[in-house]
Amino acid sequence: MSNIVEMLHITKDFPGIRANDDITLQVEERSIHALLGENGAGKSTLMSILFGLYQPDAGTIRIRGKEVKVSDPNVATALGIGMVHQHFKLVHNFTVTENIILGMEPRKGLLVDMRTAEQKVEDISKLYGLAVDPRSKIEEISVSMQQRVEILKMLYRDAEILIFDEPTAVLTPQEIHELMQIMRRLVEEGKTILLITHKLKEIKEVADVCSVLRRGKLVGTVPVADTDEERMAEMMVGRQVSFHVQKTLAKPGDVLLRVEGLNVKNQKGVLGVKNLSLSVRAGEILGLCGIDGNGQTELVQAITGLTKVESGRIFLRDIDITHLSIKERSDLGLGHIPEDRQKHGLVLDFTLGENFIIHNYYKEPFAHWGILNKKAILENAQRLIKEFDVRSGQGAITPARAMSGGNQQKAIVAREIDRSPDVFIVVQPTRGLDVGAIEYIHKRIIGERDKNKAILLVSLELDEIMDLSDRIAVIYNGEIVGIVDAAETNENELGLMMSGALHKAQEAAQTGREPAHV
Amino acid sequence: MSTRKEKIVLPLIAVLLGFLLGSLIVILTGRSPISMYAAIIKGFSGIDIINGQPINTRYIGEFIIQAMPIILTGLSFAFASRTGLFSIGAEGQLMIGSISATAVALLVQAPKAIHLPLVLLAAIAGGALWGAIPGFLKARYNVHEVVVTIMMNYIALHFNNYVILNIFGSVDRVKTAPFPETALLKSPFLESITRNSRLNWGFIPVLIAVLIFSFIINKTTFGFSLRAVGYNKDAARYAGIKVNRNIIASMAIAGAFAGLAGGVITVGTFNFGRVIQAAEGYGFDGIAVALVGGSEATGILLAGLLFGGLKAAQPLMQSQGIPREIAGIIQASIVLFVAMKYGIKMVLDKFERKQVPTTEGERV
């Protein structure tokens, strides 16, 4: 078989950064070629060059053996290259078909020939087993269906080379499995797939070949069949990593966080959390898992005080904190690694050092009589930078904005773990981090547990939930549909609960469960 | 380019381009840019490069007089903007400062050591109060500060005139009776060294204000929380910072700076309370000064001096046969070029990269 895509000696500079350094990538026709690397390794840049979003500073691109210049995405589309972005680009109040034909509507006189379009969409959908209803509105269909609409958009435009940018980040395990099947089907029908990811398991499951990038350079390209996850991780990070979190059995103590009959409205003004109760004990990690958008955000924001509660109560130890201010909660020992690092986690125009003291800026040793102590702030920053390996151009005085996403995340985690709060709400602590950093942060979270802190871990990564948690609560549609022992459950059971197909809580209800002691 | 270097180089380039554009327009109108620069140099330093006369220090005094209020209104706008607020209210706060200063100057009788500080404090307090109102409305009811401050400028204007005419009783319907000597910033010494310019002790409170601005913003925990709110309200809230309280405090302090400007004008440049026909432009000049000065204390001081000098040079330009509006055009184009700083930066970056081939940098 021949190479359909050849990117030869590609170099791309951004001010001060070489994002791609002499990268050569050769992709065989009808294969799934994975692109693996840490955040900021240059995978997205490389694919954006292929898709015409960026121009390389050096190097050539050949498609089907012919040298081409992909000056913009329209050229890419004409060459048969399509891309599914991490964040979908769909018009929510349009139907599936309307979204797909947008920009190239088939006409009948002056009107859009919707019937022909719908028929064509349906045919393609059937051919690849996508099962998408061409007449549904985007806002009515699930995230995984929306992703399929993005795939259909590429296929409708006769794309032969399909780029997927971190496609599984928003999916449940079952949906991931289905996506993998769709990818294989696409290859069977003659397509070629480029898969950007940092999830090793997926590569092992679906890819034929894997190219690993590290800090802008190509480390190597290996056939997936001849390698294993450990070796790929080593190539990606540059050292050996252990995947499994070492931890002893939890010794739960008193209940430190208790939520009773909580109702919280979401941004749309409807209840995002419905009559929810749970409790977390000292010395345990309660994992909260669920598909994105099932009430996790609302629950966390209610506990931490970012959102008002409709009804219900929240207790920290035995203190009712339902109506306390954020600062009062924080002073009582509530800590929070926020979900949105750029919105809540960091002041991007502050330096790293300033970001480290954002909670405690007015306290000793950082301030005395209302005047900041630059030296103490600097020392604090240097300590955390070293302890958590936060990498930045100028150390403590680097503006947070100039740091890569992964290191921004590390900075937040460092700050919050360092405060060692009694009740710790941890949301997506390792989002976008490479395996090496994940390993360290997991160890520190377990360390906090072993210091008898109560930890509520919210994550979309099922592996993370299963590795760290002592108990796992599953949230679906704003309600806890079940709480299971982490040691006695599996991915399948959790997946079913996450999709609302299985209610573990039913058994509990029959035994007369009290909401306060789930 | 590092951000530090950027903060200095970009405004300088903007100033340069502003003068360049001004010269171009002068040439287009068929006049010599040399006489324009001669006027500007004279406005700043009193040096007459054309006729070679000895330095006339009067011009220096007058140029500082022009710069003082717009440095303060610049500080005012910048302080609010550091908290993420866009305050157009300096003009009105300045008027309230003026009327407060007038009231204390006329109604209180005390020795100078008490009377003068009291006058300035009244101006500061009046401006602060006037600034706190839009701050409160923003914090409590989320009413946009731009709308409120603009409207409050009109209220201030007519309030000022009403009080001057109806309470302090103006004989000529233009000004009040003169203030007692104890209320004035007037300095015979400063006048004598600047050939009877209007220069007065007002520059001392202005310099103190510059220092206080820098101290609050950079050194205090209060400034830290203000900046956090200004840069990212959500993150500040997440960290437990009281966002609303900071908004009100920031607007009040911004008002205090503008109020002081009103005080300095009233008991420094003038020595009577006066009817104001229409907005005098101190507020808008302040916005320009803050923008060019990058909302930093030193930058505002320098930008204020520059704009003050350009204002002072206007009559001189006219006497050289160059339309005085040219000075306005230079000011406006400097602001415009500062606003285009990203474009300038892009050009500079391109230029820099051509000079030195990029060495390998990695994103960490």
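Source: prediction; values computed, not measured. (Residues numbered from 1 in each chain as written. Chains lettered and ligands numbered in written order. Predicted model: local features only at pLDDT ≥ 70, side-chain atom pairs only at ≥ 80, totals over all residues. Heavy atoms only, no water.)

1. Points about the overall build of chain A
As a reminder of what qualifies: Secondary structure elements follow DSSP: runs of H or I no shorter than four residues count as helices, runs of E no shorter than two count as strands, and numbering proceeds from the N terminus. Only protein chains enter the calculation, and the probe is 1.4 Å; a residue is then buried if its accessible area is under 20% of its type maximum, exposed if over 50%, and partly exposed in between. Throughout, a contact is declared for two residues whenever any of their heavy atoms are within 4.5 Å. Using a 1.4 Å probe, accessible areas were evaluated by the Shrake-Rupley method; residue-level cover was limited to the displayed protein chains.
Helix and strand counts for chain A stand at 18 helices and 24 strands. For the C-alpha atoms alone, the extent of chain A along its principal axes is close to 70 × 55 × 50 Å. Expressed as a percentage of its 518 residues, the buried residues of chain A come to 54%. Restricting to contacts in chain A with at least 6 residues of sequence separation, those with at least 24 account for 66%. Summing over all exposed atoms, chain A offers an accessible surface of approximately 22400 Å²; the carbon and sulfur share of this is 49%.

2. Things to note about the interface of chain B and chain A
Filter applied, for reference: Summed over both partners, buried area is the accessible surface (1.4 Å probe) that two parts give up on being assembled. By definition here, a salt bridge exists when the distance from a side-chain nitrogen of Lys or Arg to a carboxyl oxygen of Asp or Glu is within 4 Å. For this analysis, a polar contact is any N or O atom pair within 3.5 Å, provided that within protein one partner can donate a hydrogen and the other can accept it, and provided that sequence-adjacent residues contribute only side-chain to side-chain pairs.
With 25 residues of chain B at the interface, the matching set in chain A holds 40 residues. Buried area between chain B and chain A, both sides added, is near 3100 Å², and the carbon and sulfur share of it is 59%. Of the charged contacts in the structure, one is a salt bridge between E354(A) and R227(B), with a shortest N-O distance of 2.9 Å. The interface formed by chain B and chain A contains 12 residue pairs in polar contact (both at pLDDT 80 or more).

3. Some remarks on the environment of A254(B)
Residue and element names in this part refer to chain B. Positionally, A254 belongs in helix 11 (residues 243-269). Given the relative accessible area of 0%, A254 is considered buried. C-alpha of A254 to C-alpha of L94: the two residues are 160 residues apart in sequence and 11 Å apart in space. Look past the residues within four positions of A254 in its chain and what remains in contact with it is S76, F79, A80 and Q93.

4. Side note on the confidence of the model for chain A
Using the following cut-off: Per residue, pLDDT measures the predictor's confidence, with a range of 0 to 100.
Chain-level pLDDT for chain A is 88 on average; 96% of the residues reach the 70-or-more range. Between residues 506-518 of chain A, whose pLDDT stays under 50, and residues either more than four places distant or in other chains, the model counts 13 contacts.

5. Quick notes on helix 5 (residues 143-156) of chain A
Residues and elements named next belong to chain A. For the record, the criterion: Expected helix span is computed as 1.5 Å times (number of residues minus one).
The end-to-end C-alpha distance of helix 5, which contains 14 residues, comes to 20 Å, matching closely the 20 Å that a straight helix rising 1.5 Å per residue would cover. The element helix 5 is largely enclosed, with a buried count of 12 among its 14 residues. Taken residue by residue, helix 5 has S144, Q146, Q147, R148, V149, E150, I151, L152, K153, M154, L155 and Y156 as its buried positions. Of the surrounding elements, those touching the buried residues of helix 5 are strand 6 (81-84), helix 3 (96-101), helix 4 (114-127), strand 9 (161-165) and helix 6 (173-188). Trailing helix 5 by a residue or two, D158 shows a phi angle of about 60°, which is positive.

6. Notes on empty space enclosed by the protein
Empty space left among the atoms is revealed by rolling a probe the size of a water molecule over them. Cut-off, in case you're wondering: Using a 1 Å grid laid over the protein atoms alone, points where a 1.4 Å probe fits but cannot get out form a cavity; open sets with protein on both sides within 12 Å along at least 5 of 7 lines form a pocket; any residue with an atom within 4 Å of a point counts as lining. Grid points are joined across faces, edges and corners, and a volume is the space filled by probe spheres set on the points. The residue classification treats Ala, Val, Leu, Ile, Met, Phe, Trp, Tyr, Cys and Pro as nonpolar and Asp, Glu, Lys and Arg as charged. All others, Gly included, are polar.
A complete count under the given rule lists six cavities of 30 Å³ or more for this structure. Considered as a void within the structure, the second largest cavity measures approximately 110 Å³ in volume. Taken together, T304(A), L306(A), I326(A), R329(A), S330(A), L334(A), G335(A), H336(A), H359(A), E416(A), R419(A) and Y238(B) make up the full set of residues lining the second largest cavity. Among the elements of the structure, helix 10 (326-331), strand 18 (334-337) and helix 14 (405-419) of chain A are those that each provide at least two residues to the lining of the second largest cavity. Tallied by class, the residues present in the lining of the second largest cavity amount to four nonpolar, five polar and three charged.

7. Here we look at the packing of helix 4 of chain A against helix 5 of chain A
Residues and elements named next belong to chain A. Threshold: For helices, the fitted line uses only the C-alpha atoms of the stretch in contact; every axis is such a line through C-alpha atoms, and the angle between N-to-C directions lies from 0 to 180 degrees. Roughly parallel here means an angle under 35 degrees, roughly antiparallel means over 145, roughly perpendicular means 65 to 115, and every remaining angle is called oblique.
Contact geometry of helix 4 with helix 5 gives a least axis separation of 10 Å together with a crossing angle of 105°. Classified by the angle their axes make, helix 4 and helix 5 are roughly perpendicular. Packed against helix 4, whose contacting residues are A117, K120, V121, I124 and S125, the element helix 5 presents L152, L155 and Y156 at the interface. Across the contact of helix 4 with helix 5, the residue classes tally to six nonpolar, one polar and one charged.

8. Things to note about the environment of M180(A)
Residue and element names in this part refer to chain A. Residue position: M180 is located in helix 6. Judged by relative accessible area, M180 falls into the buried class, the value being 1%. Spatially, the C-alpha atom of M180 lies 6.3 Å from that of V206, the residues being 26 residues apart in sequence. Excluding its chain neighbours within four sequence positions, the residues that come into contact with M180 are T168, E202, E205 and V206.

9. Here we look at the domain arrangement of chain A
Which entries qualify depends on this criterion: Those domain boundaries reflect an automatic or database domain assignment.
Considered domain by domain, chain A is made up of domain 1 (3-237), domain 2 (255-333 + 422-517) and domain 3 (347-420). Between domain 1 of chain A and domain 3 of chain A, the C-alpha centre-to-centre distance is 37 Å.

10. Concerning the sheet that holds strand 1 (residues 3-14) of chain A
Residue and element names in this part refer to chain A. What counts, and what does not: Only when DSSP finds a minimum of two bridges between them are two strands counted as paired.
One open sheet holds the four strands; their spatial order is 2-1-4-5, and the pairing between them is antiparallel. Of all the strands in the sheet, just strand 2 (17-28) and strand 5 (66-68) have a single pairing partner and so form its edges. On average, each strand axis in the sheet is inclined to that of its neighbour by 25°, with strand direction left out of account. Where strand 1 lies against strand 2, eight bridges are found, and the strand directions are antiparallel.

11. Points about the sheet that holds strand 12 (residues 217-223) of chain A
All names here are of chain A. Pairing is mixed in the open sheet, where six strands are placed in the order 6-9-10-3-11-12. Strands with a single pairing partner mark the edges of an open sheet, and in this sheet they are strand 6 and strand 12. If you compare each strand with its neighbour and ignore which way they point, the axes differ by 20° on average. Alignment of strand 3 (residues 32-37) against strand 10 (residues 192-197), held across five bridges, turns out to be parallel. Paired with L36 across the two strands is T197, which belongs to strand 10. Each of strand 3, strand 9 and strand 10 touches helix 6; the most contacted strand, strand 10, lies at about 150° to it.

12. What about the packing of helix 4 (residues 90-107) of chain B against helix 6 (residues 145-167) of chain B?
All names here are of chain B. This is how it is decided: A clockwise turn of the near helix away from the far one marks a right-handed crossing, whereas an anticlockwise turn of less than a right angle marks a left-handed crossing.
Two elements in contact, helix 4 and helix 6, have axes whose closest approach is 7 Å; the angle formed by their N-to-C orientations is 20°. One way to sum up the angle between helix 4 and helix 6 is to call them roughly parallel. Crossing handedness for the pair helix 4 and helix 6: left-handed. Note on element contacts: helix 6 touches helix 4 through N153, A156, L157, F159, N160, V163 and I164, opposite E91, G92, M95, I96, I99 and T102. Among the residues making up the contact of helix 4 with helix 6, the classes are represented as eight nonpolar, four polar and one charged.

13. A look at the pattern of salt bridges
All names here are of chain A. Counting across every chain of the model gives 45 salt bridges over all chains. Of the charged contacts, one joins R135 and E118 as a salt bridge, the two residues approaching to 3.1 Å between their closest N and O atoms. Here E118 lies in helix 4 and R135 lies in the loop between helix 4 and helix 5, a separation of 17 residues in the sequence. Residue class for R135 comes out partly exposed when judged on its relative accessible area of 46%.

14. Details of unusual backbone geometry
All names here are of chain A. Between E364 and P365 the backbone carries a cis peptide bond, its omega angle lying at 0°. Within the secondary structure, P365 sits in the loop between helix 12 (352-356) and strand 19 (367-368). Unusually for a residue other than glycine, R30 sits at a positive phi of about 55°. Within the secondary structure layout, R30 lies in the loop between strand 2 and strand 3. We note that R215 has phi near 50°; this positive angle belongs to a residue other than glycine. Mapped onto the elements, R215 comes out in the loop between strand 11 (209-214) and strand 12.

15. As for the side chain of H359(A)
Within the secondary structure, H359(A) is located in the loop between helix 12 and strand 19. There is a polar contact of 2.7 Å between the side chain of H359(A) and the side chain of E416(A).

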